[in-house]
Amino acid sequence: QVQLVESGGGLAQAGGSLRLSCAASGRTFSMYRLAWFRQAPGKEREFVTAITSSTGSTYYADSVKRRFTISRDTAKNTVYLRMNSLTPEDTAVYYCAAAQSFSPQVRLATRYDVWGQGTQVTVTS
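Residues numbered from 1 in each chain as written. Predicted model: local features only at pLDDT ≥ 70, side-chain atom pairs only at ≥ 80, totals over all residues. Heavy atoms only, no water.

J.: Residue-level account of the pairing of strand S8 (residues 78–83), with values.
T.: Where a strand is regular, its side chains alternate between the two sheet faces. Of all the six residues making up S8, five are buried; the element is thus mostly covered by neighbouring parts of the structure. For strand S7 (residues 68–73) and S8, the ladder comprises six bridges, and the chain directions are antiparallel. When the bridges of S8 are listed, aspartate 73 appears paired with threonine 78. (Buried < 20%, exposed > 50% of the residue type's maximum accessible area, 1.4 Å probe, protein only. Helix = DSSP H or I, 4+ residues; strand = E, 2+ residues; numbered from the N terminus. Pairing = 2+ DSSP bridges.)

See below:
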């Protein structure tokens, strides 16, 4: 069993930066892939980025490519999301998710098994 807890959300100005953290505990060895999703009010849950634990391979949604960076510290069982050049369209609840087995469908939320509680990110104009 894996547990995920997000932190680092808050208020940022447009053009600013923010770093989110996702701390994993429990059977962290079972995590094949970690991902960030986000959901704005009235919108579908949206893939943001993912990282494969064993290889470090990363994947990004087109909307955040070149602005957001996912990374991990395996010793700390923590995954980070560095967000730069924020815009109000980035406002959402951000969720950390873990897949415990391989799937080629990196961007599909249903392929992830464990979810954190979410952390709010609000970007003002």
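J.: Run through the side chain of threonine 28, naming residues and quoting values.
T.: With respect to the element layout, threonine 28 can be found in the loop between strand S3 (18–26) and strand S4 (33–39). Overall, threonine 28 belongs to the buried group, its relative accessible area being 18%. In terms of polar contacts, threonine 28 uses its side chain to reach the side chain of asparagine 77, at 3.5 Å. Those residues in contact with threonine 28 that lie beyond four places of it in its chain are Val2 and Asn77. (Polar contact = N/O pair within 3.5 Å; in protein donor to acceptor, adjacent residues only side chain to side chain. Contact = heavy atoms within 4.5 Å.)

J.: An account of the sheet that holds S7 is requested, with residue identities and associated values reported.
T.: In space, the four strands of this open sheet follow the order S1-S3-S8-S7, with antiparallel pairing throughout. Two strands close off the open sheet at either side, each with one partner strand: strand S1 (2–7) and S7. The average angle at which neighbouring strand axes cross in this sheet is 20°, direction not considered. Both S3 and S8 contribute to a ladder of six bridges, which runs antiparallel. Its bridge partner lying in S8, cysteine 22 is registered against valine 79. (Axes fitted to C-alpha atoms, helices over the stretch in contact; angles between N-to-C directions.)

J.: Give me the lowdown on the pattern of salt bridges, citing residues and values where you can.
T.: Under the criterion given, the structure shown has three salt bridges. Between aspartate 90 and arginine 38 there is a salt bridge, with the nearest N and O atoms lying 2.9 Å from each other. Of this pair, aspartate 90 sits in the loop between S8 and strand S9 (92–99) while arginine 38 sits in strand S4; the two residues are 52 residues apart in sequence, bridging distant segments of the chain. Arginine 38 gets classed as buried once you look at its relative accessible area, which sits at 6%. Between arginine 67 and aspartate 90 there is a salt bridge; the shortest N-O distance is 2.8 Å. Taken as a pair, arginine 67 in the loop between strand S6 (58–60) and S7 and aspartate 90 in the loop between S8 and S9 lie far apart in primary sequence, 23 residues in all. Like arginine 67, the residue aspartate 90 is buried in the burial classification. (Salt bridge = Lys/Arg side-chain N within 4 Å of Asp/Glu carboxyl O.)

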